[in-house]
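These are the residues of each chain, in order.
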Amino acid sequence: MTDITDIPNDRLGAIDGAAAINTRRFSVVLDDTATVQLDELVVSRQTLPSGVEVAHYGIVTEQTGVIEGAELPSDTRHIALTQTMPGQTSRCAEISVLRTDPELWVAPNPGATVAQARGADREKALFLDQMDGGRLAIGFDQEQQPIYGDFSFMNGVQGGHVSISGISGVAAKTSYALFLLYMILETPQGRALLGPAATQTRALVFNVKGEDLMHLDRAHKNLNDERRAQWAALDVPDPQPFGSVDFFAPPQPGGEQGEQLVSSAQSRPSATIYGWTPERFIREGLLRFCLTDSDDRSTQVGFVEQVVRAELARHAYPLDSEPGAVVICDEPHSTSRTFERIVGSRPPAKSAGAGHVVRDFYDLLDVLDVRLDPDGPHNWSGNTQQGTVMAFLRRIMALAPRLGHLIRMGVQPVEMNKAVTVVDIHGLHDSAQRFVVGALVSGVFEEKQATGREPLRFVMLDELNKYAPRDGHGPLRELFVDIAERGRSLGVLLIGCQQAAGRVAEPVVRQPALKICGRLDATEASEYKFLTAELRERATRFLPGTMVCSQPRIPVPVPLRFPFPPYATNTGDAAMTAAEQAQGVAAFEAL
Amino acid sequence: MRIAPAPCEPRPAAFVDGVRRGEGLLYRQSDDGALLRGTVGAYGCGAVLCSAGRVPVYGPIQTGRFVIFGGGVPVALPGVDGYQWEAIAIASTEPDAPLQELQTRMRMAEGNLAERLAADGWLAIVDGPLSFVRSRDLPVVGLVKTHHRPLLPPDQHRLVATLLCGERTPLFVLGTDRYSCYVRIAVPGPRSSPWHGIVRLELPQSAGIEVARKTVDEVTCVLPRYAGIAHRDPRAPQNLQPVGALEKQLRRRLGNARLASRAARIAVDRHHTQETA
């Protein structure tokens, strides 16, 4: 990186005294020769009567121009076109104050000169001298100078979580979230900030759109020298794809017991097929993530679910010689009816003859059908109204074609053994997506309750509004609200994306320390109170790749851009390796 | 007789004008008990430079701020808040003589500026008669907007109203040192007065009749282009667009009138305190 500390500050103009200025914003009358863009950083110095020298650092938020002397629109024509009247063009830049150094609450001096903030001034303007917890490049400005985030607000020490908003397609939410993960996990700077726990740090990434994220370990074919230069500006001289990634895909629906499982990820056949064995499903109490529709929770159905969840756990014994399968016996192995206590110990295995064997979701449905029969001998539903019990059964039955294929024998649990774990949920029904997200995220959260903040666990999830909607309640929403509120001290950090922050549960979008917006929907923009009025308006016109970042250190949100990914972000972008090319040629020749 | 000069390449023209403003009336008693009047005020003088194919620009602008007293004794006022007054005395004790002196100084400054610009090759057109252009050798043109008394015999005077836009009368001799002619610079409307858009030009005689003729032709050719716009300026079309804009600019450069008056009051107060102490 070039050292620009030695370049003298360039004068831009003088603070406009024609309008009152205040401690938050002022306007600069630009010199004729000065060129300045939005988002550039400026500095103005003054000496107070006490002799103290004060510097005001600011960011250009808007620009205006006027021909002085033109009072009517037709005057402009006489001045500029027919050229019969003189006029004087004045250009102004509006500045929002970022910082006063030393921290004195005084307004800048009208008439004082304003210069571009370069080198040490730029660092002061962006509070880099105060980022004691370390700093991580989170993008660059128009001049490809890096913009930093305070890492202590990313790792949970002082704050945590990232919230990324913007409309689908052009806001580049997923791309930015991946970029942040890349900076944290893959660059030497990020790993240095993670410290000794770096190798144990994990990220759980949900793939919700196409098979886009199933190729993060492959190079992007369009990464050229110009785009590499963007990385160099962030001090990442040789960007590579993600180095340590595991891919998980759900099995294809259908298929009988014992048949070979088929991965649903077509472009990534090597992905591990994930799912839950009946034993894990029951012992982890995952039934609670099956009924997550808001109307499921507003009725007594939720109560039936609680009872059934506990009863299943009480009556389920591991099946002898077939790990993962369970036998539902009449005799409970625990006298407790509290779920956590029931699963506290593992009951002894029993043989198939001891009861009803459950090897998949459909077996489970059969069990429930019998056990919830009000006239049957083993009624689990207690005194609940029969209508409610039937409503519960009906809902569970309806789930079978949607998520039944995830609960079966032969599937692998999702284990976070590598730095990044990508779990594909894009092809799943909404209910199944909520089930998978709930099951995995609660697993991560529960594991961290016991182990302390480090090593960190990042969870990257798009379309948060599906899982933690603003209205209603349910186990999934509560899980995310809990993570938003307590996750940072437990080291579970959410990198959440949503099209509209207004549709996501309030703590989930309020708690994150880093709030990022891409292109916003104009009808929605007023929701983003952390943006200035100018930025809200501007954010509706952002091009893909331009974001605005609000972070606690810097009082004014700063627009930024981020570099082109070195990893493929969909199937078509992946560069073919030599082996793949040879394979393709061979396949063609064989035709 | 009407003369319509052939269209010519417009020469770079400089329109010179000034404004002045009385900012306060003062009085003092002389040693013999007579009441002497003074004024504080300022003038600004400048030019608009118009070159073909370029946006007209403001040329050099000069301002002055004075305290002018009748009775022959200058009174120096202390500076206040950046306001400074040049102290000037005039012999006259007439009540309006100090303001008249301010006007004279403005006209002199206009004349000086016009001469300087003419010497630099500009077609210098100064607002008002040539009374304050001291050099008679530079082709500075005076532009007179108002016509208080007929300068031509009645039968010729009558013909002035028949000029069409862009036409001028032949030159006639004015006094001992000037030529003059009438020019119409705008197309009169159906209900305009007969003298709508008529201005009078003045030129020094010393450069000779040929130079004078060539110069007025050039000016006649240039002026209609810059005629004032009625909805913008009550003195249009005679008050030219560059001149109207220049006057506004000059007034701005004199600063806020009420602030200037306040500064003068403070200065007088301090002056009085100093004198009594």
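The model shown is predicted, which means the values in this text are computed figures rather than measured ones.

Parameters at a glance
- Residues numbered from 1 in each chain as written.
- Chains lettered and ligands numbered in written order.
- Predicted model: local features only at pLDDT ≥ 70, side-chain atom pairs only at ≥ 80, totals over all residues.
- Heavy atoms only, no water.
- pLDDT = per-residue confidence, 0-100.
- Contact = heavy atoms within 4.5 Å.
- Buried area = accessible area lost by both parts, 1.4 Å probe.
- Salt bridge = Lys/Arg side-chain N within 4 Å of Asp/Glu carboxyl O.
- Polar contact = N/O pair within 3.5 Å; in protein donor to acceptor, adjacent residues only side chain to side chain.
- Helix = DSSP H or I, 4+ residues; strand = E, 2+ residues; numbered from the N terminus.
- Nonpolar A, V, L, I, M, F, W, Y, C, P; charged D, E, K, R; others polar.
- Buried < 20%, exposed > 50% of the residue type's maximum accessible area, 1.4 Å probe, protein only.
- 1 Å grid on protein atoms, 1.4 Å probe; cavity = no way out; pocket = protein on both sides within 12 Å on 5 of 7 lines; lining within 4 Å.
- Points joined across faces, edges and corners; volume = space filled by probe spheres on them.
- Domains from an automatic or database assignment.
- Expected span 1.5 Å × (residues − 1).
- Pairing = 2+ DSSP bridges.

**Focus: the confidence of the model for chain B**
Next, step 1: Of the residues in chain B, 99% have a pLDDT of 70 or more, and the chain-wide mean is 91.
Next, step 2: Across the assembled chains, the prediction reports ipTM 0.79 with pTM 0.79.

**Topic: the interface of chain B and chain A**
Think of interface size as the accessible area that goes away when the parts come together; that is how it is often given.
Next, step 1: Counting residues at the interface gives 18 residues for chain B and 15 residues for chain A.
Next, step 2: Overall, the association of chain B and chain A removes approximately 1,400 Å² of surface from exposure, summing both partners, and the carbon and sulfur fraction of that is 51%.
Next, step 3: Contact with chain A buries surface across chain B, with Pro56(B), Arg232(B) and Gln241(B) losing the most and accounting together for 35% of the total.
Next, step 4: At the surface where chain B touches chain A, the tally comes to two salt bridges.
Next, step 5: Across the chain B-chain A interface, the total number found is seven residue pairs in polar contact (both at pLDDT 80 or more).
Next, step 6: Looking at the side of chain B that touches chain A, the elements with two or more residues in it are β3 (57-70) and α4 (241-253) of chain B.
Next, step 7: Of all the elements, α4(B) adds the most residues to the side of chain B that touches chain A, at six residues.
Next, step 8: Residues that form the side of chain B that touches chain A fall into these classes: nine nonpolar, four polar and five charged.

**Concerning the environment of Gln511(A)**
Residues and elements named next belong to chain A.
Next, step 1: Its location among the elements puts Gln 511 in the loop between α15 (506-510) and β19 (514-517).
Next, step 2: The class for Gln 511 is partly exposed, based on a relative accessible area of 33%.
Next, step 3: Residues Gln 511 and Glu 226, spaced 285 residues apart in sequence, show a C-alpha to C-alpha distance of 37 Å.
Next, step 4: Gln 511 has contacts with Gly 160, Ala 484 and Glu 485, leaving out every residue within four places of it along the chain.

**Notes on the layout of surface pockets**
One way to see where empty space is left: roll a probe the size of a water molecule over the atoms.
Next, step 1: Each pocket or cavity is described by its volume, and for the largest pocket that value is around 610 Å³.
Next, step 2: Those elements that provide at least two residues to the lining of the largest pocket are β1 (13-29), α1 (97-119), β6 (141-144), β8 (178-184), β9 (198-204) and α4 of chain B.
Next, step 3: Residues belonging to the lining of the largest pocket are distributed by class as follows: eight nonpolar, eight polar and 13 charged.
Next, step 4: Roughly 440 Å³ of volume is contained in the second largest pocket.
Next, step 5: For the lining of the second largest pocket, the secondary-structure elements that each account for two or more residues are α8 (301-315), α9 (339-342), α12 (430-451) and α14 (475-490) of chain A.
Next, step 6: Among the domains, domain 2 (135-271 + 411-573) and domain 3 (278-406) of chain A are the pair contributing at least three residues each to the lining of the second largest pocket.

**A few points about α12(A)**
Next, step 1: With 22 residues, α12(A) extends 32 Å between its outermost C-alpha atoms, agreeing within 8% with the 32 Å of an ideal straight helix rising 1.5 Å per residue.
Next, step 2: One or two positions beyond α12(A), positive phi appears at Gly452(A), with a value near 85 degrees.

**Concerning the pairing of strand β5 (residues 123-127) of chain B**
Residue and element names in this part refer to chain B.
Next, step 1: Counting buried residues in β5 gives five out of five residues, a clear majority hidden from the surface.
Next, step 2: Of the two faces of β5, the one holding Leu 123, Ile 125 and Asp 127 and the one holding Ala 124 and Val 126 are both buried throughout.
Next, step 3: Both β1 and β5 contribute to a ladder of four bridges, which runs parallel. Of the residues in β5, the one forming a bridge with Val 16 is Val 126.
Next, step 4: Relative to β6, β5 runs parallel, the two sharing three bridges. Within β6, the residue paired with Val 126 across the bridge is Gly 142.

**A short note on the environment of Pro12(B)**
Residue and element names in this part refer to chain B.
Next, step 1: Relative to the helices and strands, Pro 12 resides in the segment before β1.
Next, step 2: Looking at Pro 12, the relative accessible area reads 36%, which means it is partly exposed.
Next, step 3: When the C-alpha positions of Pro 12 and Lys 145 are compared, they lie 22 Å apart, and in sequence the two are 133 residues distant.
Next, step 4: Those residues in contact with Pro 12 that lie beyond four places of it in its chain are Cys 50, Ser 51, Trp 122 and Leu 123.

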